[in-house]
Amino acid sequence: MKKFLVFALTAALAVSCNKLKENEYEISGTIDPAFNGKQVFLKEQSENPMSPMTALDTAVVENGKFTFKGISETPKERLIFIEGKDQDGAVFVYTEEGHIAVEVNKDTLFNSVVSGTLNNDAQAKYTKLAMEAGRGDKAFQEKNMELFNKAKAENDTVTQNKIIKDYQNMSKENNKKYVAFIEENPNALVTIKAFPPLFNDQDKKAADIQALYNKLSPEVKETELGKKIGEHLTKMAEMEAAQAKVAEGTMAPDFSAATPDGKTLSLKEAMGKVTIIDFWASWCGPCRQENPNVVAMYNELHGKGLNIIGVSLDQDAAKWKDAIAADKLTWQHISHLKGWEDPIAKEYGVNGIPATFILDASGKIVAKNLRGEELKAKVKELLAQ
């Protein structure tokens, strides 16, 4: 009986000693014993990334182990550095109330395993998910990039479109995993990092992503990235509302702006039997690459009723005018010289250039964002009506 009481008392004391205070964390690290005697540093990144990190604590490796203890009223992103491994990065860890275990990968610190608390467990899952997606992305590019560039050089749009479609499908599968991660970890700070890939999915609307965002805890939404995501969702919803007003089958809203010579020109004044509204800019590489095709089409079909009005997202008037002259763009041009703040671009929901809207004789939008032969074929079809 006495032995039992002594054992029970010892166990109770061990639990008591191991119990942490409110907001207290304990980091228990294990590392290869070859690092015995080496110092381990717990640091915090300064608000200015260019400034030196702040050292919070130092420990020494003994018998392949090291320990940090401290108070963190809210979860904080911290980094663990190992003496002699300065060139090999650091171990990322959240300091938050609880026992945190760190298994240091002596060869690749980034691949160390951190677990034990909500944010650290979620971070480990997210890191694995992101690395798998990254490997898949790299493998896809290695397999298809040369083929894509060859198809581009040969103007093989069928092959280009297939590769783009395959990449989009791969991304959609990855995004399903990110969505599942968000739904399973709404209270983890790292969860907000799973949102940016979702914005590249053409099929995802603002409402879809907003529904996921609404599931997050207030603490996650209040992070710097959380606030940016919230702001982006608001702008995305506004953009979609604008795009709905200029969907195919709707009448193109009239607009006006200054021409290169300072006069005012409206869409209504620039209309032809077929009209192309071309959103572009002198600094837009894809726009400039497409210009020779558009020039050739315009020279061939302008006499039959094709008009083009270029709406530039430039800010520098000289560069805008120089590009018009250099590319021999003989159609009509206007610009507010406000870049992405151009009111016409906003009204038409343009979030990328080149962007084109094809109008029939009545001013109705009949097609959008056609290129090359597809664009020419559509214009010819409309001119024949």
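All values derive from a computational prediction rather than experimental measurement. (Residues numbered from 1 in each chain as written. Predicted model: local features only at pLDDT ≥ 70, side-chain atom pairs only at ≥ 80, totals over all residues. Heavy atoms only, no water.)

Caption draft 1: Region of the structure containing the pattern of salt bridges. This model, assessed by the stated rule, comprises 16 salt bridges. For Lys 215, the salt bridge goes to Glu 183, with nearest N and O atoms at 3.4 Å. In this pair, Lys 215 is assigned in the loop between α4 (206–213) and α5 (218–221) and Glu 183 in helix α3 (residues 157–184), connecting sequence segments 32 residues apart. Using a relative accessible area of 48% as the deciding quantity, one classes Lys 215 as partly exposed. (Salt bridge = Lys/Arg side-chain N within 4 Å of Asp/Glu carboxyl O. Helix = DSSP H or I, 4+ residues; strand = E, 2+ residues; numbered from the N terminus. Buried < 20%, exposed > 50% of the residue type's maximum accessible area, 1.4 Å probe, protein only.)

Caption draft 2: A look at the side chain of Arg 78. Looking at the secondary structure, you find Arg 78 in strand β5 (residues 76–82). Among the polar contacts listed, one links the side chain of Arg 78 to the side chain of Thr 95, at a separation of 3.0 Å. Those residues in contact with Arg 78 that lie beyond four places of it in its chain are Tyr 25, Leu 42, Lys 43, Glu 44, Leu 56, Val 91, Phe 92, Val 93 and Thr 95. (Polar contact = N/O pair within 3.5 Å; in protein donor to acceptor, adjacent residues only side chain to side chain. Contact = heavy atoms within 4.5 Å.)

Caption draft 3: Up close: the packing of aromatic side chains. Enumeration according to the criterion identifies twelve aromatic pairs in this entry. Look at Phe 92 and Tyr 94: their rings are 5.2 Å apart centre to centre, the planes differ by 85°, and that puts the pair in the edge-to-face class. Centre to centre, the rings of Trp 283 and Trp 340 are 6.2 Å apart; their planes meet at 55°, and the pair counts as tilted. Of the two residues, Trp 283 is situated in the loop between β11 (274–280) and α8 (285–301) and Trp 340 in the loop between β13 (332–334) and α10 (343–347); the sequence distance between them amounts to 57 residues. By relative accessible area, which is 48% here, Trp 283 ends up partly exposed. With a relative accessible area of 40%, Trp 340 lands in the partly exposed category. Clustering of aromatic rings is evident, with ring pairs tying together Phe 255, Phe 279, Tyr 348 and Phe 357. (Phe/Tyr/Trp six-rings, centres within 6.5 Å; stacked < 30°, edge-to-face > 60°.)

Caption draft 4: Structural context of unusual backbone geometry. Cis rather than trans, the peptide bond between Ile 353 and Pro 354 has omega equal to 5°. Structurally, the position occupied by Pro 354 is in the loop between α10 and β14 (355–359). The residue Asn 155 is not glycine, and still its phi comes out positive at about 55°. Residue placement: Asn 155 occurs in the loop between α2 (118–153) and α3. Given a relative accessible area of 59%, Asn 155 falls into the exposed group.

Caption draft 5: Expanded view of α8. Taking 1.5 Å per residue, 17 residues should reach 24 Å; α8 reaches 25 Å between its end C-alpha atoms and fits that length. Residue Asn 291 marks the point of greatest curvature in α8, where the axis turns by about 35°; the proline Pro 292 follows within four residues. Among all positions in α8, only Cys 287, Glu 290, Asn 291, Val 294, Val 295, Met 297, Tyr 298 and Leu 301 are buried. In this fold, the buried residues of α8 make contact with β11, β12 (306–312) and α11 (372–383). (Expected span 1.5 Å × (residues − 1). Bend = angle between axes of the 7 residues up to and from the residue.)

Caption draft 6: Examining the nonpolar core more closely. In this structure, Phe 255, Ile 277, Phe 279, Leu 306, Tyr 348, Phe 357 and Val 379 are the most contacted members of the largest nonpolar core, which totals 47 residues. The element that contributes the greatest number of residues to this core is α8, accounting for six residues. One finds Leu 129, Phe 181, Leu 198 and Tyr 213 within the second-largest nonpolar core, a separate group that totals 26 residues. (Core = buried A, V, L, I, M, F, W, Y, C linked by side-chain atoms within 4.5 Å.)

Caption draft 7: Inspection of the pairing of β12 at higher detail. Counting buried residues along β12, seven of its seven residues qualify, which places the element largely inside the surrounding structure. Alternating residues of β12 divide into Leu 306, Ile 308, Gly 310 and Ser 312 and Asn 307, Ile 309 and Val 311, and every residue in both groups is buried. Crossover handedness for the path β11 to α8 to β12: right-handed. (Right-handed = clockwise from strand over helix to strand, strands pointing away.)

Caption draft 8: Structural detail: the domain arrangement of the chain. What the domain assignment lists for the chain is domain 1 (24–116), domain 2 (122–246) and domain 3 (251–384). Put simply, the middle of domain 1 and the middle of domain 2, counted by C-alpha atoms, are 31 Å apart. Contacts between domain 1 and domain 2 engage seven residues on the former and seven residues on the latter. Summed over both partners, the interface of domain 1 with domain 2 buries about 480 Å², with 68% contributed by carbon and sulfur atoms. Its largest share of buried area at the contact with domain 2, domain 1 owes to Phe 92, Tyr 94 and Phe 110, together 65% of the area lost on that side. Taken together, domain 1 and domain 2 are joined by zero salt bridges. Across the domain 1-domain 2 interface, the total number found is zero residue pairs in polar contact (both at pLDDT 80 or more). Broken down by class, the residue content of the side of domain 1 that touches domain 2 amounts to five nonpolar, one polar and one charged. (Domains from an automatic or database assignment. Buried area = accessible area lost by both parts, 1.4 Å probe. Nonpolar A, V, L, I, M, F, W, Y, C, P; charged D, E, K, R; others polar.)

Caption draft 9: Focus on the packing of α8 against α11. Two elements in contact, α8 and α11, have axes separated by 10 Å at closest approach and are oriented at 20°. When the interaxial angle is binned, α8 and α11 end up roughly parallel. In this structure, α8 meets α11 at a crossing whose hand is right-handed. The residues of α11 that touch α8, namely those facing Glu 290, Met 297, Glu 300 and Leu 301, are Gly 372, Leu 375, Lys 376, Val 379, Lys 380 and Leu 383. Of the residues in the contact of α8 with α11, the class split is five nonpolar, one polar and four charged. (Axes fitted to C-alpha atoms, helices over the stretch in contact; angles between N-to-C directions. Parallel < 35°, antiparallel > 145°, perpendicular 65-115°, else oblique. Left-handed = near helix turned anticlockwise from the far one by under 90°.)

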